[in-house]
Amino acid sequence: MAIYRFSAQMISRSSGRSCVAAAAYRSGSELVDERTGTVHDYRRKGGVVHSEIVVPVGAPQWATERARLWNEVETTEKRKDAQLARDVELALPRELTTAQQIELVRQFVREQFVDAGMVADLAIHDPLASDGQRQPHAHVMLTTRPIGPKGFGAKAREWNDKERLEGWRAQWAAHVNRALERAGVDQRVDHRRLDVQRQEAEQLAIQAHDAGMPEVAGQAARRAQDLDREPEPKLGPAAAAMERQGIQTDRGDHLRATKARNAERQDLWKQIREWGEEIREQAMQKLREVADRAKQAKQDLVARLRQVDTTRLRDALDRRRSAEQSADKKITPPKGWGPVR
């Protein structure tokens, strides 16, 4: 099932992070942080299937070089608590091929970020999930300053607006759904919170029921039940790596507990549906029995009416024949009566 995920966070120097290290990890490459002299080598990292840098029109050539780009960011940002880059993570539909996933991310990134003046360093990872299936997702590192022919400009504070973030979230859902439609996949994603989607499905179920549309009402009710779950927390790279090695982590325990609660909810809804099916089948059986009895009663009534009608008709015919026979008899005058003179 296609899932939706759009998460955004800042890579900040105040938390001890380096955008050079982050870029090396996401791209599975080796980069040197010129500010600290630290070598970040992630060339042995698996699961990286694609990486590229997308720049605005007119950006200098060096912006397309990963090491030069992020070292320039580190040099430009002077503050100890500087926000170095925005990190966006996107869940990619398993139903799409790798080529389709790359094109989906590339179009979204260029339209929403690069055309606004950001440099985007994107990487697509395709590791195995806990269920043994593919877990494709994309990491997009974005500069916090617009870039032009002369390099980086001033900080674009408006990129931090909550409304803009919500717009990006909605646009990602729209891009994913268009990609699924082009690929002939019926599934769709929704960027809204689970509780909002569930309330909408519940309202649709009520409206469809009141409008005499039981099939639509049933589908909406089932969707509302499927949406009755908690959002699953993200493990993060470090915890995920430890979990793969068999080491339990707090984040892993939190994720497992959330999954267990969601499974309990779905089991309960399944039981309720089964009870509903059983009750409905019992009700239908009662209705069939009542219908059969009504049909038999009708047949018996018709037979009795036919029998009554036949008896009445026979009696009427007998009376008519008797009357005709009486009329045909010769009337004999009494004795002593003679002909009239």
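Everything that follows concerns the structure shown earlier in this document.
Each value, and the rule that gives it
Residues numbered from 1 in each chain as written. Predicted model: local features only at pLDDT ≥ 70, side-chain atom pairs only at ≥ 80, totals over all residues. Heavy atoms only, no water. Helix = DSSP H or I, 4+ residues; strand = E, 2+ residues; numbered from the N terminus. Buried < 20%, exposed > 50% of the residue type's maximum accessible area, 1.4 Å probe, protein only. Contact = heavy atoms within 4.5 Å. Areas by Shrake-Rupley, 256 points an atom, 1.4 Å probe, with all protein chains shown as cover. Pairing = 2+ DSSP bridges. Patch = residues over 30% accessible without salt bridge, like charges linked within 9 Å, V, L, I, M, F, W, Y side chains within 5 Å. Salt bridge = Lys/Arg side-chain N within 4 Å of Asp/Glu carboxyl O. Axes fitted to C-alpha atoms, helices over the stretch in contact; angles between N-to-C directions. Parallel < 35°, antiparallel > 145°, perpendicular 65-115°, else oblique. Left-handed = near helix turned anticlockwise from the far one by under 90°. Nonpolar A, V, L, I, M, F, W, Y, C, P; charged D, E, K, R; others polar. Lys, Arg positive; Asp, Glu negative; His and termini not counted. Charge placed at Lys NZ, Arg CZ, Asp CG, Glu CD.

Visitor: Before we move on, can you summarise the overall build of the chain with the specific residues and values?
Guide: Counting its secondary structure elements, the chain contains 8 helices and 9 strands. For the chain, the proportion of its 341 residues judged to be buried stands at 35%. Looking at the chain alone, contacts between residues at least 24 apart form 63% of all its contacts between residues at least 6 apart. Here the chain displays about 21,900 Å² of accessible surface, and carbon together with sulfur accounts for 52% of that area.

Visitor: How would you sum up the pairing of strand β6 (residues 120-125)? Please name residues and give values.
Guide: Along β6, 6 of the 6 residues are buried, which leaves the element largely enclosed by surrounding structure. Neither face of β6 is exposed, since A120, L122 and I124 on one face and D121, A123 and H125 on the opposite face are all buried. As paired elements, strand β4 (residues 48-54) and β6 share 6 bridges and run antiparallel to each other. If you follow E52 over to β6, its bridge partner there is L122. Strand direction decides the pairing type here: β6 and strand β7 (residues 137-143), joined by 6 bridges, are antiparallel. Pairing of H125 across the sheet is with H137, part of β7.

Visitor: Describe a nonpolar patch on the surface, with residues and values.
Guide: On the surface, L268, I272, W275 and I279 cluster together to form a nonpolar patch covering roughly 410 Å² of accessible area. Examined against the element boundaries, I279 turns out to sit in helix α8 (residues 250-328).

Visitor: Help me get a handle on the packing of helix α1 (residues 19-27) against helix α2 (residues 66-76), residues and values and all.
Guide: Between two packed helices, what matters for the description is the angle formed by their axes and the separation of those axes. Their axes nearest at 8 Å, the elements α1 and α2 cross at an angle of 155°. By the criterion of interaxial angle, the relationship of α1 to α2 is roughly antiparallel. Two packed elements cross with a definite hand, and for α1 against α2 that hand is right-handed. In this structure, α1 contributes C19, V20, A23 and S27 to the contact, and α2 contributes R66, W70, N71, V73 and E74. Residue classes in the contact of α1 with α2 are distributed as 5 nonpolar, 2 polar and 2 charged.

Visitor: How would you explain a negative patch on the surface if you had to name every residue and give the values?
Guide: A cluster of acidic side chains, namely E158, D161, E163 and E166, defines a negative patch on the protein surface. Along the chain, the position of D161 falls in the loop between β9 (151-152) and α4 (162-182). A relative accessible area of 36% means that D161 is categorised as partly exposed.

Visitor: A description of the pattern of salt bridges should follow, citing residues and the corresponding values.
Guide: Overall, the coordinates contain 16 salt bridges when judged by the stated rule. One salt bridge in this structure joins D121 and R66, with 2.9 Å as the shortest N-O distance. In this pair, D121 sits in strand β6 while R66 sits in helix α2, placing the two residues 55 residues apart along the sequence. Of the two residues, D121 and R66, both sit in the buried class. Between E77 and R145 there is a salt bridge, with the nearest N and O atoms lying 2.7 Å from each other. Remark: R145 occurs in the loop between β7 and β8 (147-148) and E77 occurs in the loop between α2 and β5 (83-91); sequence separation between them is 68 residues. Taken individually, E77 and R145 each receive the classification buried, so the pair is uniform in this respect.

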